[in-house]
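For reference, the chains in residue letters:
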Amino acid sequence: MKQIDWDNLGFDINPAEKMFVARHTKGVWDSGGIVDYGTIQLFPSAVILNYGQGLFEGMKAYRTKDNRIAMFQPHANARRLNDGCRRLCMPELDEDFFVESIKALVRENRDYVPPYGKGDLYIRPILFGSGQMLGVSPATEYMFIIFMSPVGPYFKGGFSGIHLQICTDYHRASLLGTGGVKAVGNYAASLMPKALARDEGFDEVLYLDARCSTYVEEVGSANFFLIKNGILSTPRLGGSILPGTTREEVLMLAEHSFKLIPQGRDIRYDELFTAEELFCTGTAAVITPILSVTHEGKPHTIGNGKPGALTRKLYDELKGIQLGERPDIFNWLTYID
Ligand code: COI
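Segmenting the chain into domains produces domain 1 (6-151) and domain 2 (158-322). For domain 1 and domain 2, the distance between their C-alpha centroids amounts to 25 Å. Of the residues lining the interface, 23 residues belong to domain 1; the matching set on domain 2 comes to 20 residues. For the pair domain 1 and domain 2, the two sides together bury roughly 1700 Å², of which 65% comes from carbon and sulfur. One salt bridge connects Lys 319 with Asp 120, and the closest N-O pair in it is separated by 3.6 Å. Linking domain 1 with domain 2 are 9 residue pairs in polar contact (both at pLDDT 80 or more).

Glancing now at a nonpolar patch on the surface. On the surface, Ile 40, Leu 42 and Leu 49 cluster together to form a nonpolar patch covering roughly 240 Å² of accessible area. Residue placement: Leu 42 occurs in the loop between strand 3 (33-36) and helix 1 (47-51). Judged by its relative accessible area of 31%, Leu 42 is partly exposed.

This next bit is on helix 5 (residues 191-199). Among the residues of helix 5, those classed as buried are Pro 193, Lys 194 and Ala 197. One face of helix 5 carries all of its buried residues, which in axial projection span an arc of 95°. Summarising the geometry of helix 5, the exposed residues directed more than 90 degrees from the buried face are Leu 191 and Asp 199. Its buried side turned inward, helix 5 meets strand 9 (162-167), helix 4 (184-189) and strand 10 (204-207).

In this structure the tally under the stated criterion is 0 disulfides. Of the cysteine sulfurs around Cys 167, a residue in no disulfide, the closest is that of Cys 212, at 15 Å.

So, about the pairing of strand 9. A large share of strand 9 lies buried, amounting to 5 of its 6 residues. Alignment of strand 9 against strand 15 (residues 286-295), held across 4 bridges, turns out to be parallel. Looking across to strand 15, one finds that His 163 is bridged to Ser 292. In this structure, strand 9 lies alongside strand 10, joined through 4 bridges in parallel fashion.

Here we come to empty space enclosed by the protein. A probe as big as a water molecule, rolled over the atoms, marks out the empty space that is left. One pass over the full model with this rule turns up 1 cavity of 30 Å³ or more. The computed volume of the largest cavity comes to approximately 110 Å³. Around the largest cavity sit 13 residues that line it, and Tyr 62, Phe 72, Thr 245, Thr 246 and Thr 283 are the ones nearest its centre. For the lining of the largest cavity, the elements supplying multiple residues, two or more each, are strand 5 (59-63) and helix 6 (245-258). In terms of domain composition, the lining of the largest cavity takes at least three residues from each of domain 1 (6-151) and domain 2 (158-322).

Rules used in this analysis
- Residues numbered from 1 in each chain as written.
- Predicted model: local features only at pLDDT ≥ 70, side-chain atom pairs only at ≥ 80, totals over all residues.
- Heavy atoms only, no water.
- Domains from an automatic or database assignment.
- Contact = heavy atoms within 4.5 Å.
- Buried area = accessible area lost by both parts, 1.4 Å probe.
- Salt bridge = Lys/Arg side-chain N within 4 Å of Asp/Glu carboxyl O.
- Polar contact = N/O pair within 3.5 Å; in protein donor to acceptor, adjacent residues only side chain to side chain.
- Patch = residues over 30% accessible without salt bridge, like charges linked within 9 Å, V, L, I, M, F, W, Y side chains within 5 Å.
- Areas by Shrake-Rupley, 256 points an atom, 1.4 Å probe, with all protein chains shown as cover.
- Helix = DSSP H or I, 4+ residues; strand = E, 2+ residues; numbered from the N terminus.
- Buried < 20%, exposed > 50% of the residue type's maximum accessible area, 1.4 Å probe, protein only.
- Arc of directions from axis to C-beta.
- Disulfide = S-S within 2.5 Å.
- Pairing = 2+ DSSP bridges.
- 1 Å grid on protein atoms, 1.4 Å probe; cavity = no way out; pocket = protein on both sides within 12 Å on 5 of 7 lines; lining within 4 Å.
- Points joined across faces, edges and corners; volume = space filled by probe spheres on them.

Here it is in structure tokens:
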């Protein structure tokens, strides 16, 4: 095993030794198997390379306080992947097969789960059209691969917070497009807006809706939340916003543990300027405070410009459950022993 600097993990690829590969040929999935992490062979005419027929998921394995290994709601990711398979005309995976394959691979890669408190093992399942096609049609062969990497915070500085630019030149997803599933192309489209924002010193962009550029959609790699007057608002799902698993968990925790009123609704971008707290959520981003949003060159500081108190409480509660420090009130943890 390669030496890993557990104290300085970022969100980088540090591949765990083994990966899982399954193939779908002649209309059926094989049972797959664990192999050494490495390259794969594809024809240049593979549908994923030409037409982007592919999906990914993002999950984590956590080292808990009592030194066990746990995952969080893996069946939710299996369901979301299958929603995406239907949208992109790809063969679905049996949910238990998906979860058991991941568990088997985590067991195999257990030395790559960071020590308690140092980070997590990021799990990246991908499913794509590997078969050849020249015309625009679904592939006739598919691959399902899982690889893993120990990671630290997605945004440098972790909970210390981020500064966002409201993106007025580009949209993330169209109304009836693929924004609601984890299609690989959604993320390719976000590279340029993000690069431009970073050139101007921002951590990420905040996207507005494609119909009238008025309502907040997502941070691109994370869902968006706003707190004001005891209400926790997040953009309502409607096809262009990714149904994040952390998004769901935060809505449940906020109501149960902190008596916040959860609301999925349309949020005008100018509501942000008077919000008490803003944050974004994701498996990678966990809960990351948003300290400022800049619109058309004008910066707006949120609250006192520091991570909000309720954001902190939600973060502590979520991380506490993931790391086995706090009661798992909703039975979200699945242990891998
Ligand atoms: C995740 O939060 O795991 C995601 O899939 C977002 C990714 C773009 C880093």
